[in-house]
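Here is how the chains run, residue by residue.
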Amino acid sequence: MFETVLVANRGEIAVRVIRTLRALGIRSVAVFSDADAEARHVREADTAVRIGPAAAAESYLSIPRLLEAAARTGAQAVHPGYGFLAENAAFARACADAGLAFIGPPAGAIELMGDKIRAKETVQAAGVPVVPGSSGSGLTDAELAAAALGIGMPVLLKPSAGGGGKGMRLVRDASLLGEEIAAARREARGSFGDDTLLVERWVDRPRHIEIQVLADGHGHVIHLGERECSLQRRHQKIIEEAPSPFLDEATRAAMGEAAVQAARSCGYAGAGTVEFIVPGDDPSSYYFMEMNTRLQVEHPVTELITGLDLVEWQVRVAAGEELTLRQEDVTLTGHAVEARICAETARVSGDGARVDFLPSAGTVRLLREPAGEGVRVDSGLSEGTDVGTSYDPMLAKVIAHGPDRATALRRLRAALAGTVVLGVDTNAGFLRRLLAHPDVVAGALDTGLVDRDAVTLVEQEVPAEAYAAAALLRQQGLEPVPHGWVDPFSAPSGWRLGGEAAWTPHHLRVPGHEPVTVRVRGTARHAQVVVDAPVPATGSGQLPAPGGTADTAQPAAVPVSAGLAADGRGAAGGAQPAPHPGAGAGGGITLHYDGVTRHFTAAPGPEGTWLGRDGDAWHLRDHDPVGAAGGGAGAAGVDTLTAPMPGTVTVVKAAVGDFVSAGQSLLVVEAMKMEHVISAPHDGTVAELDVTPGATVAMDQVLAVVTPAAGPAEES
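Residues numbered from 1 in each chain as written. Predicted model: local features only at pLDDT ≥ 70, side-chain atom pairs only at ≥ 80, totals over all residues. Heavy atoms only, no water.

Trainee: It is not clear to me how the environment of aspartate 658 should be interpreted in this structure. Could you clarify?
Mentor: Mapped onto the secondary structure, aspartate 658 falls in the loop between strand E32 (647-652) and strand E33 (659-660). In sequence terms aspartate 658 and valine 686 are 28 residues apart; their C-alpha atoms lie 5.5 Å from each other. Of the polar contacts made by the side chain of aspartate 658, one reaches the backbone nitrogen of alanine 655; its length is 2.9 Å. (Helix = DSSP H or I, 4+ residues; strand = E, 2+ residues; numbered from the N terminus. Polar contact = N/O pair within 3.5 Å; in protein donor to acceptor, adjacent residues only side chain to side chain.)

Trainee: In this structure, what is going on with the sheet that holds strand E1 (residues 4-7)? I would like to understand it.
Mentor: Neighbouring strands of a sheet are bound in pairs by backbone hydrogen bonds; such pairs are parallel or else antiparallel. The parallel open sheet is built from five strands, whose spatial order is E3-E2-E1-E4-E5. At either end of the open sheet lies a strand with only one pairing partner, and these are strand E3 (47-52) and strand E5 (101-102). Alignment of E1 against strand E4 (residues 77-79), held across three bridges, turns out to be parallel. The residue bridging leucine 6 from the neighbouring strand is valine 78, located in E4. The strands touched by helix H1 (residues 11-23) within the sheet are E1, strand E2 (27-33) and E4, with E1 carrying the most contacts at an inclination of about 170°. (Pairing = 2+ DSSP bridges. Contact = heavy atoms within 4.5 Å. Axes fitted to C-alpha atoms, helices over the stretch in contact; angles between N-to-C directions.)

Trainee: What is the right way to look at the side chain of arginine 233 in this model?
Mentor: Structurally, arginine 233 is set in strand E10 (residues 221-233). Once you skip the residues sitting within four places of it in the chain, arginine 233 turns out to touch Ile238, Cys342, Glu344, Phe357, Val450, Asp451 and Met674.

Trainee: Please clarify how the nonpolar core should be interpreted in this entry.
Mentor: Note that soluble globular proteins tend to have their nonpolar side chains buried in a common cluster. Of all hydrophobic cores here, the largest spans 33 residues; its most connected members are Val5, Leu21, Leu214, Ile222 and Leu224. Of all the secondary-structure elements, those providing two or more residues to this core are E1, H1, E10 and helix H11 (310-318). Setting aside anything within four residues of it in sequence, one finds valine 5 in contact with Leu21, Ile26, Arg27, Ser28, Val29, Ala75, Ala77, His79 and Ile103. Counting 29 residues, the second-largest nonpolar core is a separate cluster that includes Ile238, Ala415, Phe430 and Leu431. (Core = buried A, V, L, I, M, F, W, Y, C linked by side-chain atoms within 4.5 Å. Buried < 20%, exposed > 50% of the residue type's maximum accessible area, 1.4 Å probe, protein only.)

Trainee: Would you explain the packing of aromatic side chains in this entry?
Mentor: For any two aromatic rings, the description comes down to two numbers: the centre-to-centre distance and the angle of the planes. In this structure the tally under the stated criterion is six aromatic pairs. A centroid spacing of 5.5 Å and a plane angle of 85° characterise the contact between tyrosine 60 and tyrosine 391, whose relative ring orientation is edge-to-face. With tyrosine 60 in the loop between E3 and helix H3 (63-73) and tyrosine 391 in the loop between strand E20 (386-387) and strand E21 (394-402), this residue pair connects regions lying 331 residues apart in the sequence. Under the relative-accessibility criterion, tyrosine 60 is labelled buried at 0%. Here tyrosine 391 falls in the buried class, since its relative accessible area comes to 8%. Centroid distance phenylalanine 84 to tyrosine 391: 6.2 Å. Interplanar angle 80°. Geometry classified as edge-to-face. Here phenylalanine 84 is found in the loop between E4 and helix H4 (89-97), whereas its partner tyrosine 391 is found in the loop between E20 and E21, with 307 residues between them in sequence. (Phe/Tyr/Trp six-rings, centres within 6.5 Å; stacked < 30°, edge-to-face > 60°.)

Trainee: Honestly, the environment of phenylalanine 430 in this entry has me stumped. Any pointers?
Mentor: By secondary structure assignment, the location of phenylalanine 430 is in helix H13 (residues 428-435). The buried category is assigned to phenylalanine 430, whose relative accessible area is 5%. A C-alpha to C-alpha distance of 39 Å links phenylalanine 430 and glycine 150, two positions 280 residues apart in sequence.

Trainee: What is the right way to look at the sheet that holds strand E11 (residues 236-242) in this model?
Mentor: The sheet built from eight strands is open, its strands ordered E13-E12-E9-E10-E11-E14-E21-E19 with antiparallel pairing. The open sheet terminates on both sides in strands that have one partner only, identified here as strand E13 (287-292) and strand E19 (375-379). Sheet twist, expressed as the average angle between the axes of neighbouring strands with direction ignored, equals 25°. In terms of strand pairing, E10 meets E11 through four bridges, oriented antiparallel. Among the inter-strand pairings, glutamate 228 is bridged to a residue of E11, identified as glutamate 241. Those strands touched by H1 are E19 and E21, and its axis lies near 115° from that of E19. The strands that H13 touches are E10, E11 and strand E14 (335-342); relative to E11, the one it contacts most, it runs at about 50°.

Trainee: I would appreciate a short explanation of the confidence of the model for the protein chain in the present structure.
Mentor: A low pLDDT means the predicted coordinates there should not be read in detail. Summary statistics for the protein chain give a mean pLDDT of 89 and a share of 91% for residues scoring 70 or more. Ignoring residues within four places in sequence, the model shows residues 570-578, a span with pLDDT below 50, making eight contacts including any to other chains. (pLDDT = per-residue confidence, 0-100.)

Trainee: Hey, could you run me through the pairing of strand E24 (residues 516-522) in this one?
Mentor: Look at any regular strand and the pattern is simple: side chains alternate between the two faces of the sheet. Taken across its seven residues, E24 has seven buried, putting it largely inside the fold. Pairing geometry for strand E23 (residues 504-509) and E24, over five bridges, is antiparallel. Note that in E24 the partner of histidine 506 across the bridge is valine 518. Between the end of E23 and the start of E24, which pair antiparallel, lie six residues, with glycine 512 showing a positive phi angle near 90°. Two strands pair when backbone bridges link them, and E24 and strand E25 (residues 527-531) are joined in this way by five bridges, in the antiparallel orientation. Across the sheet, arginine 521 pairs through a bridge with glutamine 528, a residue of E25. The loop that links E24 with its antiparallel partner E25 comprises four residues.

Right, dumping it as structure tokens:
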């Protein structure tokens, strides 16, 4: 057995691997870029080595720097985790050449299964059914288009190298093939350094079911049952479970045997996954898609139902040990479901037809991870973590296990409700609502379900009580600290000589929403509150009311009784400093609002306050209505196109002076290897376009201005 193992990865998977190494008594070595100098995996490892700047190409993807770190620390083996170099045959060979054990399959197996075209041919020869598609590698754009037309629309474009949904494009309209092939090549080249594509028949309403295999270097191969991974957005998994509610025992056994044969066909060793596409109306008709020659993100659900530690078995196999398990020894107990917590913002498109999942960034200002019976969290987060756009957006995984599927789903929904990450937008609330979707509860899944129903799963309005809580926290900050005699004129009570108390206005804005004014009268503990309707940011937002100013006059809406109190719930490890003035230990606050008591967590953020509840979070920023009314780019309305996320401009398709049509693609912004197309909001002329390919942009930065085309002249 090894004495020291280097973990060539970061984030939650590095922390996960380090945990097993510690349990085995093996010394762990972490590596980190400048962006991760204070990261959790660095603190948890026995030793950590800096390997370069933030750019992955100069750090986590640099084979020489990783090998140098292993040599400096006396590591005998390297665990690649997943992503980065985990499925890089050159890295596996370089480790072997340096005298290091690569904790993964042989380089030859990685190379074979990493080429999806050769992989399909190999497993097909071994008797495994495959999806109808193109044959041969290195196809030109014209050859790909011809193959797609020969198969028949719709088709799926896929990179030959890599996985994780990156570069995959579903094409239903033959006229869009050229544009989609170009986009798929760009994403594949950026993600994997290889823009080779293949095309496959698209199976409508398919289910994505994969088999976990485990093999040693002595000829033994077993499978550990299946995982259902059909809940995806943009072809990327977000919820996984084991076992699948779709398969019966006979189909499970048949698919398991097919996966074993696929592993044998490439001389596999270690933990791997064979992925199948299964028609939603016929579980017995399954097709091989690809083999992932690494540990999967969703491996915890298999661990929970089998009782096995897959990382431990990876290490043991790499050390030359023989599997002590035989197929008949594998038993599946209960049900497990996993949710991937990602740094992203879900925004409904202007036409309300789709949801854009945009990468987010920020500093984790308050973190509360769930616990309880049957709940597991694999996380790379800690308070103070800076989440950027240099790496994959996945931050953590929350997994729940129960004696049956219904129990596991309930436990996971409750765990997500108790997940608090303030400072960065995440998808925790979206996932909690997805798990309550009637089709998900019933097990009627397919890979298009999330995209079809995503709009119904996004909370498009900020709750009034969130605005009220933020305003009361601000009100509390204005109140004098009791210390002997208090000057009554320093209290924000609104008291006026000979008149009714005035309202104290608090102007707030949540990114992606119109500004809101909240009026408070009284103290934060005992107040009347009015949450005004949202108003456009481009005007003053409020007309003066008769008998007073817009801010201090009696509002038209009926005031609501409200009060704020500290809430110590959720504090871990004893009392902690309050993350927000007025919050209890652990950041908890209790809001009494219109006769209902609700609990939030709160943390101060730049230009305002972060609030969280039931997995959702809102950044309630201070808003200056006077500044917003002053005009400028920030008030340019629908003419202005802004960056929906921090990232890099990769493509610019227009120039100043060009006439463009509504919906026409103008430029592409990429973050975390995800592309977002910026389109013209209406017919018109490009008046401003100040970015070029390669430019780094901040969220909400102005990218272009499109002046609307003049309408037809009115008749006099």
